[in-house]
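Coordinate inspection notes
Chain residues, written in single-letter form:
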Amino acid sequence: MTCRKNVNALTTEEKAAFITAIKLMKAEEYVYVDNPNDEPHVRARYPNITNTYDKYVLDHHIAMYTGTPGGWGNGFLTRNAVYRGPAFLPWQREFIRRFELDLDRLVPGVTLPYWDWASDAADPMNAAVWTNDLMGGNGSGASRVVRSGPFAYDDADPDNSWVIINYLGLPDGGLVRNFGSRRNTPNLPTQADIDEIQQISTYDSGNFDTSSVGYRGANEGRIPVNGKTPPPSNTHALVHEWIAGSMMLGTSPNDPVFFLHHCFVDKLWADWQALHPTVPYVPGNTASNNLNGHRLNDNLVGLGTLISATLDHHAMGYSYDTDTPPIVTPVNTTLVFNDTPVGSTAVQAVTFNISTPTPDNSFCRDLIFTITAGPTGTGFGTPNGDRVVVNRDNTNTAQVWFSYTATSDTDPVTGEAEITSVQTGQTWHISLSANTIAVNTTRKSVNALTTEEKADLITAIKLMKAEEYVYVNNPNDPAHVRTRYPNITNTYDKYVLDHHIAMYTATPGGWGGDFMNRNAAHRGPSFLPWHRAFLRRFEMDLARLVPGVTLPYWDWATDAADPMNAAVWANDLMGGNGSGANRVVQNGPFAYDAADIENSWVIINYFGLPDGGLVRDFGSSTPNLPTQADIDAIQQISTYDSAAFNQASVGYRGANEGRLPVNGKTPPPSNMHNLVHEWVAGSMMPGTSPNDPIFFLHHCFVDKIWADWQALHPTVPYAPNDTASNNLNRHRLSDELFGLSTLVSETLDHQAMGYSYDTDSIP
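Scoring rules and cut-offs
Residues numbered from 1 in each chain as written. Predicted model: local features only at pLDDT ≥ 70, side-chain atom pairs only at ≥ 80, totals over all residues. Heavy atoms only, no water. Core = buried A, V, L, I, M, F, W, Y, C linked by side-chain atoms within 4.5 Å. Buried < 20%, exposed > 50% of the residue type's maximum accessible area, 1.4 Å probe, protein only. Helix = DSSP H or I, 4+ residues; strand = E, 2+ residues; numbered from the N terminus. Contact = heavy atoms within 4.5 Å. Pairing = 2+ DSSP bridges. Phe/Tyr/Trp six-rings, centres within 6.5 Å; stacked < 30°, edge-to-face > 60°. Lys NZ or Arg CZ within 6 Å of the ring centre and 35° of its normal. Expected span 1.5 Å × (residues − 1). Axes fitted to C-alpha atoms, helices over the stretch in contact; angles between N-to-C directions.

Concerning the nonpolar core
In terms of nonpolar packing, the biggest core is built from 80 residues, with Trp 115, Trp 117 and Trp 130 touching the most fellow members. For this core, the leading source of residues is helix H8 (residues 257-275), giving 11 residues. Discounting chain neighbours no more than four positions away, the residues touching Trp 130 are Trp 115, Pro 124, Met 125, Met 135, Gly 136, Gly 137, Arg 177, Phe 179, Trp 242, Ile 243 and Val 257. Core analysis: the second largest hydrophobic core is formed by 79 residues, Tyr 469, Trp 569, Leu 697 and Ile 705 among them.

Here's the deal with the pairing of strand S11 (residues 345-354)
As paired elements, strand S9 (residues 328-330) and S11 share 3 bridges and run antiparallel to each other. Across the sheet, residue Val 328 finds its bridge partner in S11, namely Ile 354. Of the pairings in the sheet, the one linking S11 to strand S15 (residues 397-405) comprises 9 bridges and is antiparallel in character. Looking across to S15, one finds that Asn 353 is bridged to Thr 397.

Considering the packing of aromatic side chains
The relative placement of two aromatic rings is captured by the distance of their centres and the angle of their planes. Considering all chains together, one arrives at 58 aromatic pairs under this definition. Between Phe 95 and Phe 259, the ring centres sit 6.0 Å apart and the planes meet at 25 degrees, which makes this aromatic pair stacked. Taken together, the positions of Phe 95 in helix H4 (residues 88-106) and Phe 259 in helix H8 put the pair 164 residues apart, joining distant regions of the chain. When sorted by exposure, Phe 95 lands in the same class as Phe 259, which is buried. One aromatic cluster in this structure is built from Tyr 53, Tyr 56, Trp 91, Phe 95, Phe 99, Phe 151, Trp 162, Phe 258 and Phe 259. Positioned over the ring face of Trp 162 is Lys 26, at 4.5 Å from the centre of the ring.

Observations concerning helix H16 (residues 694-712)
Along its 19 residues, H16 runs 27 Å from first to last C-alpha, staying within 8% of the 27 Å computed at 1.5 Å per residue. Within H16, 16 of the 19 residues are buried, which leaves the element mostly enclosed by the surrounding structure.

Considerations on unusual backbone geometry
Residues Pro 231 and Pro 232 are joined by a peptide bond in cis, for which omega reads -5 degrees. Examined against the element boundaries, Pro 232 turns out to sit in the loop between helix H6 (215-220) and helix H7 (235-243). Look at the link from Ala 719 to Pro 720: it is a cis peptide, with omega at 10 degrees. Among the secondary structure elements, Pro 720 is positioned in the loop between H16 and strand S25 (755-757). Unlike most non-glycine residues, Arg 84 shows phi in positive territory, near 65 degrees. Take Arg 84: it is sitting in the loop between strand S3 (71-72) and H4.

Brief notes about the sheet that holds strand S12 (residues 366-373)
Spatially, 5 strands are ordered S10-S17-S16-S12-S14 in an open sheet, and the strand pairing comes out mixed. Of all strands in the sheet, those with a lone pairing partner are strand S10 (334-341) and strand S14 (387-391), marking the two edges. On average, adjacent strands in this sheet sit at an angle of 25 degrees to one another, irrespective of strand direction. In this structure, S12 lies alongside S14, joined through 5 bridges in antiparallel fashion. Counterpart to Thr 370 in the pairing with S14 is Arg 387.

Worth remembering: the numbers are spatial, not functional.
In structure tokens, the structure reads:
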């Protein structure tokens, strides 16, 4: 179902896509195929046009000058195939729908917006529709040719200008506008004019021509409206006269605003039909043959569509954003964030149930919820922004998310917010409250876990893998997000995909840029801060699912002498190495059984789709893990990072990450952090490496080493600072870490984030 919106409500992206589609239609080749059965005026004109857009212009002109009755060039001022008769509204409805479908064919998702000229009647010259990102402005100079916006004309560069055609289909220079210039036509129609015609209770009458009384004539602007007797015209026709220039002719679709104008004319008719559902279209099928092209079951001239097929715009596949909306009912308007641990962020949603309107196709599929006030109160936030778009084809509920970040152990906090449903006009007051609790999370070596602690850790990971995750479609998300996140089904896999997306987001360059030089999670200064925030969130989710669980660290240096037999690979922890030709893990809690996939640990690929079992191939890429001597060497480095702050930069970050020579070992193979990934191999090698839960134990030790280094070098600053180049966005001290809504500066004290290591107190 196509949703037509007010042109003033289009986003920047929607405006750009709309203009692009029009320009593509103007560039798309059209070749007339000669048909000896076509009338001479057709055969003389259509060979002159060269593109799809201009065919619409000529189609309109031909129909307008076809009298009914009388044919080409006869009687068209009394009644023609398009105007001055009952088919005016059906013909234009079908005509602009075809245009809209062509726009969507060229740029999928584009719809035809309407220009509510009545809302601009007080100051029509400055209406938003005339801005340079939409229709452009008024004409200028003696010729009144449009010189601004996407449909401007440049005499010195006609090949890159908007060129109109004349009634023969031949090029005719630039688009002409002359706002309010015609005698007695300084104003656009008003809302009062619309209100009056919408009360008319007959569709058409009498001779069914230019002077007939009824809704069609009033909408078209041929009869008196609101005490105003033509000339000048009223309503639809008055808008043509106010714009003037190219909008005055049978070739008026030369001006793209024609389609926005007629879209609003069609909307008024749709609104009138809703107000008068029992009023029939006239004339019926028994009317005189002089009304051919205007009777209920006649074909619209030049379009070949029955008038009766145009009387329900919903059945034609589109709705207006003001059509009857569904009923939205809040499930909860109070959010209580109880016992939020210091250093953590909790999220909750205000949930709404969305009813099904009658008929269900009577409303645009998207509902928009906006946070129009707040949230007030220290610590409250909106983790997904202040706008939620819900498509009713996918869900009958909407969730607007709020967060609370506990920064210290304080008294209870209260706040409030306001949520508005844009389409229904409903507004709800939301009450927020929270209290915090002190946290004493201590991360231990995995070798020091008790039997119960091991079981709780595994249980929490399994629960996270089972916890439902549903991506809420957001048109503002980039395409690579919108194509991947709908594929994942659980919270654990969201962590996997979050890591992959960050790793392939170049800084600078964005998604798919030069991520091998520096990206949002690796090969740059924020490597350690990003993973610290990432792990902490994972740990808080574990503790939410199984209270008391903390993330242990795997001290791989202590296992370097005999890594194959490290305790971490026991069946009550991470399970062992992969086996067989495909090296899939077959033992432990993360084993895979092709005969019992539902009870197996299933990983995802970079699209978020299931990808079989976890793969490990110990020592196949490199035979050794990093040693304690390697750690001792990097802990003596006295700078955090240095120019150019990328994969080759000298400093502690690069050494910890494993990009630099360490202890006499020059990559390849890598050192430190990277070397562990390479030694485990298999699923630990790609951007989806969190598929293997060992990822988190490994990175917990990487983080511990950094915390130890910070204690050894308390005066060494993080680098780069805030004055560094914008090319280092996401890596500077006060930048927000990609995808995590946490500042780099907020990660530099791990104890302030709510956790410590079991060795922190050891000198």
